[in-house]
Amino acid sequence: MNVKKFVVGNFYEEAVLFPAVTKVRRAGYKIHDVYTPFPIHGLDKVMGLKDTDLHIAGFIYGITGTATAVGFITWMLAYDWPINFGGKPYFSLPAWIPIMFELTVLFAAVGMVLTFCWLCQLAPFVKKDHFNLRSTDDTFTMAIECTDKTNEAEAIAFLQSVGAQDVEIQHREADWWIGRYDRETVRFGKKVPQI
Amino acid sequence: MSLIRYESQARAPLVEGNKTYHDVTEDICRPVEAKPSKLWWVGFIISLGLLGFGVVSIYMDIVYGTGQWNLNKTIGWGWDITNFVWWVGIGHAGTLISAILLLFRQGWRTGVNRAAEAMTIFAVMCAGQFPIWHMGRVWNGFFVMPYPNTRGPLWVNFNSPLLWDVFAISTYFTVSLLFWYSGLLPDLATLRDRAKLKWSKFFYGLASFGWTGSTKHWQRHEALSLVLAGLSTPLVLSVHTIVSFDFATSVIPGWHTTIFPPYFVAGAVFSGFAMVQTLLLITRKVLGLEEYITMEHIDVMNKVIVLTGSIVGIAYLTELFMSWYSASPYEWFAFKENRLNLNSPYGWSYWLMMGCNVLSPQIFWFRKMRRNILVTFFMSILVNIGMWFERFVIIVTSIYRDYLPSSWSTYYTPTIWEIGFYMGTFGLFFTCYFLFSKFFPVIAIAEIKHILKKNGDSYKAGYSKEEMESYDAFEHEQSHHH
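Residues numbered from 1 in each chain as written. Chains lettered and ligands numbered in written order. Predicted model: local features only at pLDDT ≥ 70, side-chain atom pairs only at ≥ 80, totals over all residues.

**Re the overall build of chain A**
The criterion, for reference: Counting from the N terminus, the helices are DSSP H or I runs at least four residues long and the strands are E runs at least two residues long. With C-beta atoms placed from the backbone, the exposure class of a residue follows from how many other C-beta atoms lie within 10 Å of its own: 20 or more, buried; 12 or fewer, exposed; in between, partly exposed. C-beta atoms are placed from the backbone for every residue, and two residues are taken to be in contact when these atoms lie within 7 Å.
Looking only at helices and strands, chain A features five helices and four strands. Going from the N terminus to the C terminus, chain A shows its helices and strands as β-α-β-α-α-α-β-α-β. Buried positions account for 38% of the 195 residues belonging to chain A. For chain A, long-range pairs separated by at least 24 residues make up 81% of all intrachain contacts whose partners lie at least 6 apart in sequence.

**Examining the overall build of chain B**
Rule in force here: As a reference, a globule follows 2.2 Å times the number of residues to the power 0.38, and the radius of gyration itself is taken over C-alpha atoms.
When helices and strands are tallied, chain B shows 17 helices and zero strands. A compact globule built from 482 residues would reach a C-alpha radius of gyration of about 23 Å, and chain B, at 24 Å, matches this within 12%. In terms of overall dimensions, chain B has a C-alpha envelope of 75 × 50 × 50 Å along the principal axes. The buried share of chain B, reckoned over its 482 residues, is 50%. For chain B, the share of sequence-separated contacts (at least 6 apart) that also reach a separation of at least 24 residues comes to 83%.

**A word on the nonpolar core**
Stated formally: Definition of nonpolar core: a set of buried Ala, Val, Leu, Ile, Met, Phe, Trp, Tyr and Cys residues joined via C-beta atoms within 7 Å.
Among the nonpolar cores identified, the biggest contains 176 residues, and Ala 109 of chain A together with Val 276 of chain B are the most heavily contacted of them. Look past the residues within four positions of Val 276 of chain B in its chain and what remains in contact with it is Ala 93, Val 112, Ala 116, Met 119 and Met 301 of chain B.

**Observations concerning the interface of chain B and chain A**
Where we set the bar: Under the scheme applied here, ten amino acids are nonpolar (Ala, Val, Leu, Ile, Met, Phe, Trp, Tyr, Cys and Pro), four are charged (Asp, Glu, Lys and Arg), and all others, including Gly, are polar.
Contact with chain B, which involves 59 residues of that partner, is made by 64 residues of chain A. The residue makeup of the side of chain B that touches chain A, split by class, is 27 nonpolar, 25 polar and seven charged.

**Considerations on the confidence of the model for chain A**
All names here are of chain A. What counts is decided by this rule: A score between 0 and 100, pLDDT records how confident the predictor is in each residue.
Taken as a whole, chain A shows an average pLDDT of 83; of its residues, 87% reach a score of 70 or greater. At the low end of the mean pLDDT range in chain A sits strand β4 (residues 165-173), at 83; at the high end sits helix α3 (residues 54-80), at 94. In the model, residues 178-195 has pLDDT below 50 throughout and makes 31 contacts with residues more than four positions away in sequence or in other chains.

**Thoughts on the pairing of strand β3 (residues 140-145) of chain A**
It is a general feature of regular strands that their side chains alternate between the two faces of the sheet. Residues and elements named next belong to chain A. Selection criterion: Strand pairing follows a simple DSSP-based rule, namely that at least 2 bridges must link the two strands.
Taken across its six residues, β3 has five buried, putting it largely inside the fold. Across six bridges, the pairing between strand β1 (residues 3-11) and β3 is antiparallel. Looking at β3, one finds that Val 8 is bridged to Ala 143. Both strand β2 (residues 30-35) and β3 contribute to a ladder of five bridges, which runs antiparallel. Bridge pairing in β3 places Ile 31 opposite Ile 144.

**Some details on the domain arrangement of chain A**
Heads up, the rule is: Where each domain starts and ends comes from a domain assignment, either automatic or drawn from a database.
When the domains of chain A are assigned, the result is domain 1 (3-49 + 132-173) and domain 2 (54-120). One C-alpha centre belongs to domain 1 of chain A, the other to domain 2 of chain A; they are set 45 Å apart.

**Looking at helix α2 (residues 38-64) of chain B**
Residue and element names in this part refer to chain B. Spelled out, the test is: Here, expected helix span is obtained from the residue count minus one, scaled by 1.5 Å.
For α2, which comprises 27 residues, the first-to-last C-alpha distance of 39 Å matches the rise-based estimate of 39 Å (1.5 Å per residue) to within 8%. Within the span of α2, buried status applies to Ser 47, Leu 50, Leu 51, Phe 53, Gly 54, Ser 57 and Asp 61. In the core, the buried residues of α2 are packed alongside α4 (109-134) and α14 (416-439). Directly after α2, the chain includes Gly 65, whose backbone phi takes a positive value near 85°.

**A few points about the packing of helix α3 (residues 79-103) of chain B against helix α13 (residues 373-399) of chain B**
Residue and element names in this part refer to chain B. Condition: Here the axes come from fitting lines to C-alpha atoms, over the contacting stretch only for helices, and the angles between their N-to-C directions go from 0 to 180 degrees. Small angles under 35 degrees read as roughly parallel and large ones over 145 as roughly antiparallel, with 65 to 115 read as roughly perpendicular and the rest as oblique. Whether a crossing is left-handed or right-handed is set by the direction in which the near helix is turned from the far one by less than a right angle, anticlockwise for left-handed and clockwise for right-handed.
Two elements in contact, α3 and α13, have axes separated by 9 Å at closest approach and are oriented at 140°. The angle between the axes of α3 and α13 places the two elements in the oblique class. At the point where α3 passes α13, the crossing takes the right-handed sense. Contacts from Ile 81, Thr 82, Val 85, Trp 86 and Gly 89 of α3 reach α13 at Met 387, Trp 388, Arg 391, Phe 392 and Ile 395. Grouping the constituent residues of the contact of α3 with α13 by class yields seven nonpolar, two polar and one charged.

**Here we look at unusual backbone geometry**
Among all residues except glycine, the phi angle is most often negative; among peptide bonds, the trans geometry is most common. Residues and elements named next belong to chain A. If you check the backbone angles, Phe 131 has positive phi at about 70° while not being a glycine. Mapped onto the fold, Phe 131 is located in the loop between α4 (93-120) and β3. Of note, the phi angle at Asp 166 is positive, near 50°, even though the residue is not glycine. In this fold, Asp 166 is placed in strand β4.

**Let's talk about the packing of α3 of chain B against α4 of chain B**
When two helices pack together, their arrangement is given by the angle between their axes and by how far apart the axes lie. Residue and element names in this part refer to chain B. One way to put it is that α3 packs onto α4 with a least axis distance of 7 Å and a crossing angle of 155°. Judged by the angle between their axes, α3 and α4 are roughly antiparallel. Considering the relative orientation of α3 and α4, their crossing is left-handed. Of the residues in the contact of α3 with α4, the class split is 18 nonpolar, eight polar and three charged.

**Overview of the environment of Tyr 422 of chain B**
Residue and element names in this part refer to chain B. For Tyr 422, the location among the structural elements is in helix α14. Using a count of 25 C-beta atoms within 10 Å as the deciding quantity, one classes Tyr 422 as buried. Along the primary structure Tyr 422 and Phe 130 are separated by 292 residues, whereas in three dimensions their C-alpha atoms are 8.8 Å apart. Beyond its immediate stretch of four places on either side in the chain, Tyr 422 contacts Trp 79 and Asn 83.

**Digging into the environment of Val 88 of chain B**
Residues and elements named next belong to chain B. Relative to the helices and strands, Val 88 resides in helix α3. Judged by the 29 C-beta atoms lying within 10 Å of it, Val 88 falls in the buried class. What Val 88 contacts, discounting residues up to four positions off in sequence, is Val 124, Ala 127, Ile 169, Val 239, His 240 and Val 243.

**Some words on the confidence of the model for chain B**
Residue and element names in this part refer to chain B. Looking at chain B as a whole, its pLDDT mean stands at 88, while 93% of the residues score no less than 70. For chain B, helix α16 (residues 457-462) is the element with the lowest average pLDDT, namely 63, and α14 is the one with the highest, namely 94. Model confidence for the complex: the whole-complex pTM is 0.90, and ipTM, which rates the interface, is 0.89.

**Overview of the environment of Trp 218 of chain B**
Mapping Trp 218 of chain B onto the fold places it in helix α7 (residues 215-248). On the basis of neighbour count, Trp 218 of chain B is assigned to the buried category, with 26 C-beta atoms found within 10 Å. Sequence spacing of Trp 218 of chain B and Phe 142 of chain B is 76 residues, and the spatial spacing of their C-alpha atoms is 39 Å. Ignoring any residue separated from it by four or fewer positions in sequence, one finds Trp 218 of chain B in contact with Thr 36 and Pro 39 of chain A together with Gly 213 of chain B.

Shown next as structure tokens:
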């Protein structure tokens, strides 16, 4: 069993959290994650996370839906069993637009939600750890992953110096449910933004 | 998007009472974690009773067929389709609030969107009952699905508005459910992390899908919400458009008109907002959420009601004018004799509709009336009665006197089983709503926290414009810093 060590600190103000994230990253610590009770715009940028490509997936699912509708209806009504509805052409595209549209939306929505759950590894009965139960209430919880080289006391002191409260060491099994599937950080640039 | 966007001090705060993040959690979770009140039980049991009445009515329909209803050869569509359109229309307000107002960045939607979306889902569930049980031989209901069958295979008619309806309503239900539930995940996680009882730990643990609040997950969640909102916006417009096609593509005088799609959509939003008012006025009082669903929210929704009510009014007049201007004697007869004529069998329903939908909402031009709870509650009921009669007028007064006077059906009254079926959907709707208000947070906790610092009482006054702008500048810099 592979146990990992984390230095965990809590923040209560966005205005403290933002510069703290910057300083922690600049000091060379590896932020495992920051858990927040609500979306904080810009935090992903400060943490150096890449933008998500979920919308592109949504677009692809959408056109798959359109193509499915056009393809299937054409095959059914124009080739497999053509029926004469009031003398109208077998291939009557304008009449199919409503269903083409509905399937576009249906495929895009269902596909995106499933992709979202898959990317975030969310499903019924999945149990994950976020270090502090209050982080779904009013606390912004930052977890720093300890490597062999990390001096724990130093890391704790550093986190306290940037404004974190109740800083402590926590051990977690490094299994997939705490593992980062979000390794897509961008390299930290020279220019450090200040709040 | 910004960390904290500046909101004019002239706008009233959307969260009252100097809340902290923790207060928000406590206030909204309280009704879920407390034992249900006596009032809740009374309401729930009445709803179950109505649902039971509905089940018996449907049983009668299955056993004896739709002959249990007072439909006849002339009036082939009556209460059943009226109720269907009415319920679908009600659902539209929820999607408007959750999707369209999200795209328009209307902060006030956060207080009401969760309950309104739930209302949408339950209303669409109720609406779906009517076409399903109207099939008569409901065990053959799967025939509407295009599946390879042993009858040819004979495919369904994709050129028919009734089939478009099948796709529109089922897509609408699915997408609304996904949108609602994906928004619920973070709040269910909040309840999970607070849970003390064994069953609630299990239930919310199961329902929250293991949500942690990771920054990356929030980023994806935001992207998902935005795209789902973008998809739901044309979807909600398409649904009532397609419902109106059921009528508009026919050649029945009174139905055969191009104004139907926008007219139906406006009416849908109108009746939906009335239902949102009815539900939320009770919900905020019973669950003690007046600081989150404020007078400001009620005021804004009443503005939407007077706007959409007036659009509907213009549509009624346009429709009337066009039936005369078309110079089609059948069109004009349908309007002049079947609707306008108060002495005709259903003339009263046309004027009832006009009074409830066009005249009465005009009261909301007055701020005092918009902010009066009793007036709002009364109006919300009145509008829904009016909108029910709108559908009744469209459907019954157009068909009870058809082209052949010998087959005119002078009067159509519903049987007890038609009434029971309708009451049963009320039972279904309120049973679902009572369960929702007990087991789920009726206000989106995370979203309220998200707007708290710019729309909350204490914070709003605390920030100067310059401070806010410096946050904006910081955020702007961050977004371009890769």
